[in-house]
Amino acid sequence: MKTLRTSSVPRVVATPGRRTLIAAALSAVLSAPALAASPVVISQVYGGGGNSGATFKNDFIELFNRGDTAVDITGWSVQYASAAGGTWAVSKVTGNVSLQPGQYFLMQQSAGSGGSENLPTPDTLGSLAMGGSAGKVALVSNSTALSGAAPASATLVDLLGYNAGFFEGANGPGLSNTTAALRAAGGCTDTDNNASDFATGAPTPRNSASPLRPCGVPQAPPIVASCPANLSLAHGIAGAAALSATDADGTVNSAAITAGAVPGIALANFVAAGSAGGTASASLDVAAGVAAGSYPVVVTFGNDQAQQAMCTINVTVAAPATLTHTIPQIQGSGDTSPYAGTVQTTEGVVTAKVGSGFFIQDEQGDGDPQTSDGMFVFTTAANSGTVQVGDRVRISGTVSDYAPVAGGRVYTELTTVTAIVKLAGGITVTPTNITLPHPNLGQVEGMLVRFAAPLTVSQLQYLGDRGEVTLSSGRLEAPTNKYTAGSPEAIALAAANARDQIILDDGIFTTPSVIPYLGADGSLRAGDTVDNLTGVVDFGAKGGGGAGFKLQPTVAPVFSQDNPRPAAPTLAAGNVKVASANVLNYFTTFTDGTDVTGATGQGCTIGGGAPSRSNCRGADNLNEYNRQSAKIVGELKAINADVYGLMEIQNSGEYTVGKLVDALNEAISPGTGVKTYAIVPKPASTGTDAIRVAMIYKPAALTLVGNALTDADAINNRPPMAQTFKTANGGKFSLVVNHLKSKGSCPAAGTPDADKGDGQSCWNATRVQQAQRLVDVFVPQVVAAAGDAKVLLIGDFNAYGHEDPVQAIVNKGYVNQLERYIRGAGAMPYSFVFNGEAGYLDHALASAALSASVVDAAEWHNNADEPPVIDYNTDGKPQDKYTSAPYRASDHDPVVISLNLPAAALDVTAGVRGVGSGLVYTRLTGRWSGSYAVTNTGSSALNGPLQIELGGLAAGVTLVNASGSHNGAPYITADVGSLAPGATVTVPLSFTKTGAAGISYAAKVYSGNF
C-alpha cells in the first residue's frame, strides 16, 4: 500500500541482478600517483543508470577540456574498476576526436533494467557496468588496461575514486541511483583532490553538442528546460504534455517546435517568463486524429540573451499494453502487495498530482473495503506533466512496497514507470466518505476521500517548514494528562488517539514559499476546524520524525476560526494574582556571540565552564531579542499579575531578569520612570544550567518577608526558588517556582531514566526524585522560615497532570488547582501541545493550608495553540508573519491563580466565651490532659482558622501539642473554615511540667493566621 515520500527521507533501493556494490570503503587507503599533466579531465560520473529509482537508463562518463587549446584524445580510453578491485575494464574513445576548449564529451556505458529516459546523443558507446555507489574511474591516454588496485602508470591522465580505496588527494563522494559525481565549476576546477573537486548532484549529462563552457570566462547560466521524455496516447484520444523552461539570469521568451512537427501535433498556450529567473510554460497538444506511430518532437526554448535549450518529446500513438492486474488486486488486503517487485500494467483515473508523482484510482473499484482502490505513481515531474486530473491512463511500472521509515509500515506504489498511455479524459471520481477515528486508513490509502464530519486542528508545529497540519475528530488529550501512566484507561486513550489523526499536507514536499492555511489574522490555531475536507489519503514521513497518514487536498481547505485568540483571562476577584510563565529561553546574550549592549565575542555559561556562544539559547541577535521581548512583555502586561514565577530565563545573575523588568515597566508607564515591578532578589544558588527560574513582583501589592530560598541539592540542575510574601492586609503565603528535568535528550535504554514507553517519556525517575525532595525537604524549610504553612507550587514541571512527579506532590496533600477549576468546570486543562496531543506541564499546586484561599485558576491559551512559524525568530521561515501581539510568545501557556488571603490574625477574645476543662494526669505518659472550648457569642461568623493562645504559663509548664508560639506564648490552631454565631469548637490540651507550680493560663482567641 502507498503514499508519497518526502525530500527529508532518503530512499535506498537495492539493484537486483545488475551489478555488485561494495558495502563499505576499504580500510586501507591507497594514495594515487602523480598524474600526467593534461587539460582534459573527468567532469562527471554516474553509475546508477537503469537502477531502481533512476531516470536515465544508462551509466555514463563525461570528459571535459578545461584548457585553452584543443586536445586530441584519439585512442584514449576511460577505464573502470570496483572500489577495491584490481581488474580494469576499458571503454575506448572511438574515431578521431579533437576536444575543443570548454567542450564536453559523453561516453555512454551499460544499461540497467530501469530508468525512463535515454541519455542525450552520446559521443562514444561503451559497456562499462559501473557501481552505483562506489568505484574507480580512470582517464588513460591509450587503450591498454591498467593493472592493480592502485596502478601507477604514465598513461594515467585523471582519476576519480568515489567511496573507493584509490583516489586523487582524498576520497570522492559516495553516489546513489539518483546522484552523480560532478566536478565543480562545470568541470573547470581541478585541485587533484577528489573530495573537494567533486560534489553529488542530479545526473546532468553533456555531450560535444552542448554549449561550450570556457574556463576562466564568466558563464551565463543556461536555459533549463523541463519536458517529458515520452507522451503516449491511445489511438483516437487527444492529449497534452506540460513543458516549461527557466533561466536564472535571463527571461525565457520563446518556444517553438523545431523538428518532428506533423499535422495534429502543435505547441499551444505559450506563456513567456515574467522576468529573469521566472518560468515560461507551454503545452504540447496532440489531436485525436493523429495516426498511430512514433513522433520525436523537438521543442526549442529561447531567451533574451540569444541562448537556446532543446528538449525532445517522443510522442507515441498506439494501442496500450495489455492490462495485467487492477489497482485493488495489486494493493491486496494486507499492508504489503502480493505483486511487490514485479512489473505490472494497470489502469486508473488520475485523481491528484503532487510534487513527486500522481495518484490513480480504479474507476469502479472492487467493492471490497479491505483493498484500496487507489495507488500512487512515483515518477518524474516530466512524466506527471503528461497527465491531467480526470485522465484515464494505462500505466506500466514496477510495484514497490516503500517504507518511509526503516522498519516501519510500508505502502504500495508504482515506480520505474515505462509507459503512461492516456485512454480518456474528463472523468470524475466520486470521493469515498470516511470519518475519524478510523480503524485502518491503510484500507483507503491512495484513494480520493471526503471527511464527512468536521475535523479539528490539533497541531501546527510543522506548518511553516513542511506545510503540515495535524487534524483529528476533536482536541486530543495526552493520556497521562488525564489518567495514571500505564493504567488501562491511559493505554486505551493512547490507542484511540492514534486512530484519530491525519496530517493535512500541501502536496509539494518542500518548504512552502507561502505558509498555507493561515487566516485573515495571520494565524491558524489548534481548535479551529475544517469541514468537507477532500483529498487523497497518503502515507509518508512527517515532521518530528516517523511516518503517518496524510491527506493531500484536491479541494482547497476552508478553516473556521472556532478557537479565536482569547484575551488574558479574567479570574474571580481576590487580593493576590499569581502567574506562572515559561519565557522560552529569554537571553540577553545571543547565539551569534553578541549581547544586548552590542558587545561581541560573548558567551553563556553552563556549570563552571567557560562562557561559550554554543551555550546560549533563544534569540540569535539583537533584532530577534527585541521581537521576543515585545511578545513576552505584552503577555505579562496583559495578565497584570502581582507576582510572576518565570522559567527559562538566562542564568546571568539579576542582569537578564532586570532587562525584562525594565522593559515591562516601560511598557506599562512609557517615559515616566515608574517602577511597577521589581525583581525578587535571587537566592544563593541558581543552579548549573544556562537557564534559571526567577520571580518579579509589584512592591505596591506585596511585601517580601525574609530572603528567597533555594535547594541546591545535586538532583536539581535548575533549583526551585521560594519567596514568602505579605499582602496589604497582613496575609502571608510562600511561592515556590519550579522547572523540573525536561523530557528530551533521553539516556540509553535500560537505565532508570530511559523512556519506559508509558507516555511519561524519559528522565521520569529524576523528575520524581525532584518532586519528592521538593515536598519532603525543601518546602518544610520554607514553611519553617515563614512560620506559615500556606504554600503555592508553580512552574514547568515537565510532567502532565497525572504523571508520577505530580502524583508524588498531590499524594502529600497538595491540591491541583487546574484540575479543581478547569477540569472541574468541564474543560480540558492544557498548556502545551506535542504530537497532536494537548496537556498541561505548567502547574498550580496549593498546600492544604492555602487551598481554601485559592478562589480561581486559569490558563491563557495565547501560545500553545498558535503555529511556531509566527514566533519572533527570523530564520528558517518562508514568510515573516511576526507581529508584536502576545501570541506565540512562548511554547507554553501561562497559568494564572487568584488568591484571597485572609487578614493577619485578629484578637476576637471579646466576642467569644472560652471554657477550659479540668486537667487529668496520666502516669503512663506523665502528662496532664484536658480541652478548651471556644463559643462564638457574637452575631456574625468568625473566619477561621482560630488560634487559642495560652499565656501566663508558669516556669516549667509546657504545652506539648502547641501549634506554634506567638508573642512568647504557645498557641493551638483550631483548623475551621469559620465559626458560626453560637457554634463551639473544642481543642485538646496536653501539658507537661517540672517543679511544684500549678498549671494555669490566660487564654486569648485570634481569628486568622499568625
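Below is a summary of the structure that appears in this document. (Residues numbered from 1 in each chain as written. Predicted model: local features only at pLDDT ≥ 70, side-chain atom pairs only at ≥ 80, totals over all residues. Heavy atoms only, no water.)

What makes a disulfide is a covalent bond joining the sulfur atoms belonging to two cysteines. Counted according to the given criterion, the structure contains 4 disulfides. In this model, Cys-188 is linked to Cys-215 through a disulfide, with the two sulfur atoms separated by 2.0 Å. Between Cys-188 and Cys-215, the S-S dihedral sits near -90 degrees, and the bridge is therefore left-handed. With Cys-188 in the loop between β13 (180–183) and α1 (194–197) and Cys-215 in the loop between β14 (198–201) and β15 (223–226), the pair connects residues that are 27 residues apart, well separated along the chain. Here Cys-604 connects covalently by a disulfide to Cys-616, the sulfurs 2.1 Å from one another. Handedness here is read from the sign of the S-S torsion; for Cys-604 and Cys-616, about 100 degrees, the answer is right-handed. With Cys-604 in the loop between β38 (576–586) and α7 (622–639) and Cys-616 in the loop between β38 and α7, this pair connects stretches of sequence that are 12 residues apart. Relative accessible area serves as the criterion here: at 2%, Cys-604 is assigned to the buried category. What connects to what in the protein chain, once the bonded cysteines are numbered by sequence position, is 1-2, 3-4, 5-6, 7-8. (Disulfide = S-S within 2.5 Å. Helix = DSSP H or I, 4+ residues; strand = E, 2+ residues; numbered from the N terminus. Buried < 20%, exposed > 50% of the residue type's maximum accessible area, 1.4 Å probe, protein only.)

Along the polypeptide, Glu-168 turns up in the loop between β12 (166–167) and β13. Along the sequence, Glu-168 and Thr-511 sit 343 residues apart, while their C-alpha atoms lie 37 Å from each other. Polar side-chain contacts of Glu-168 include one of 3.3 Å to the backbone nitrogen of Leu-159. (Polar contact = N/O pair within 3.5 Å; in protein donor to acceptor, adjacent residues only side chain to side chain.)

What follows deals with the side chain of Ser-831. If you trace the backbone, Ser-831 turns up in the loop between α11 (817–821) and β47 (832–834). Owing to a relative accessible area of 0%, Ser-831 belongs among the buried residues under this scheme. At 2.6 Å, the side chain of Ser-831 and the side chain of Asp-842 are in polar contact. Those residues in contact with Ser-831, other than ones at most four positions away along the chain, are Gly-839, Tyr-840, Leu-841, Asp-842, Glu-859, Ala-864, Asp-891, His-892 and Asp-893. (Contact = heavy atoms within 4.5 Å.)

Within strand β57 (residues 946–951), 6 of the 6 residues are buried, leaving the element largely enclosed by the surrounding structure. Side chains of β57 alternate between two faces, with Leu-946, Ile-948 and Leu-950 and Gln-947, Glu-949 and Gly-951 buried alike. For β57 and strand β60 (residues 969–974), the ladder comprises 4 bridges, and the chain directions are antiparallel. Directly across from Ile-948, in β60, lies its bridge partner Ile-972. (Pairing = 2+ DSSP bridges.)

So, on to the nonpolar core. Core analysis: the biggest nonpolar cluster contains 31 residues, and Tyr-644, Leu-646, Ile-649, Leu-660 and Ile-696 have the highest contact counts within it. Secondary-structure elements contributing two or more residues to this core are β38, α7, β39 (643–650), α8 (655–668) and β41 (691–697). It is α7 that contributes the most residues to this core, 5 residues altogether. Ignoring anything within four residues of it in the chain, the contact list for Leu-660 reads Tyr-586, Ile-632, Val-633, Leu-636, Leu-646 and Ile-649. Ranked by size, the runner-up nonpolar core spans 30 residues in total, among them Tyr-411, Ile-502, Leu-533 and Val-537. (Core = buried A, V, L, I, M, F, W, Y, C linked by side-chain atoms within 4.5 Å.)

As a further point, take unusual backbone geometry. For the bond from Leu-436 to Pro-437, the omega torsion is -5 degrees, close enough to zero to count as cis. Residues Gly-944 and Pro-945 are joined by a peptide bond in cis, for which omega reads -5 degrees. Tracing the backbone shows Pro-945 in the loop between β56 (942–943) and β57. The phi dihedral of Ser-745 falls on the positive side, at around 50 degrees, and the residue is not glycine. Residue classification places Ser-745 among the exposed residues on the basis of a relative accessible area of 70%. In the Ramachandran plot, Trp-763 falls in the positive-phi region, its phi being about 65 degrees despite a non-glycine side chain. Relative to the assigned elements, Trp-763 resides in the loop between β44 (732–739) and α9 (764–786).

Before going further, it helps to examine the packing of α7 against α8. Running from N to C, α7 and α8 point in directions that differ by 65 degrees, and their axes come no closer than 10 Å. Read as a crossing pair, α7 and α8 show a hand that is right-handed. Contact residues: Tyr-625, Ile-632, Val-633, Leu-636 and Lys-637 in α7; Lys-659, Leu-660, Ala-663, Leu-664, Ala-667 and Ile-668 in α8. Looking at the contact of α7 with α8 residue by residue, the classes come out as 9 nonpolar, no polar and 2 charged. (Axes fitted to C-alpha atoms, helices over the stretch in contact; angles between N-to-C directions. Left-handed = near helix turned anticlockwise from the far one by under 90°. Nonpolar A, V, L, I, M, F, W, Y, C, P; charged D, E, K, R; others polar.)

Turning next to the packing of aromatic side chains. By the definition in use, this model includes 16 aromatic pairs. The interplanar angle of 45 degrees and the centroid separation of 4.3 Å between the aromatic rings of Tyr-921 and Trp-928 together place this pair among those described as tilted. Between the aromatic rings of Phe-991 and Tyr-1001, the centroid separation amounts to 6.2 Å while the plane-to-plane angle is 20 degrees, which identifies the pairing as stacked. Taken together, the residues span a long stretch of sequence, with Phe-991 in strand β62 (residues 984–993) and Tyr-1001 in the loop between β62 and β63 (1002–1007) at a distance of 10 residues. Given a relative accessible area of 0%, Phe-991 falls into the buried group. Take Tyr-1001: its relative accessible area is 23%, and that puts it in the partly exposed class. Every member of this aromatic cluster is reached through a ring pair, and the members are Tyr-402, Tyr-411, Phe-539 and Phe-549. We note Arg-475 situated over the ring of Tyr-830; from NZ or CZ to the ring centre the distance is 4.8 Å. One cation-aromatic arrangement involves Lys-741 over Trp-763; the distance from NZ or CZ to the ring centre is 4.5 Å. (Phe/Tyr/Trp six-rings, centres within 6.5 Å; stacked < 30°, edge-to-face > 60°. Lys NZ or Arg CZ within 6 Å of the ring centre and 35° of its normal.)

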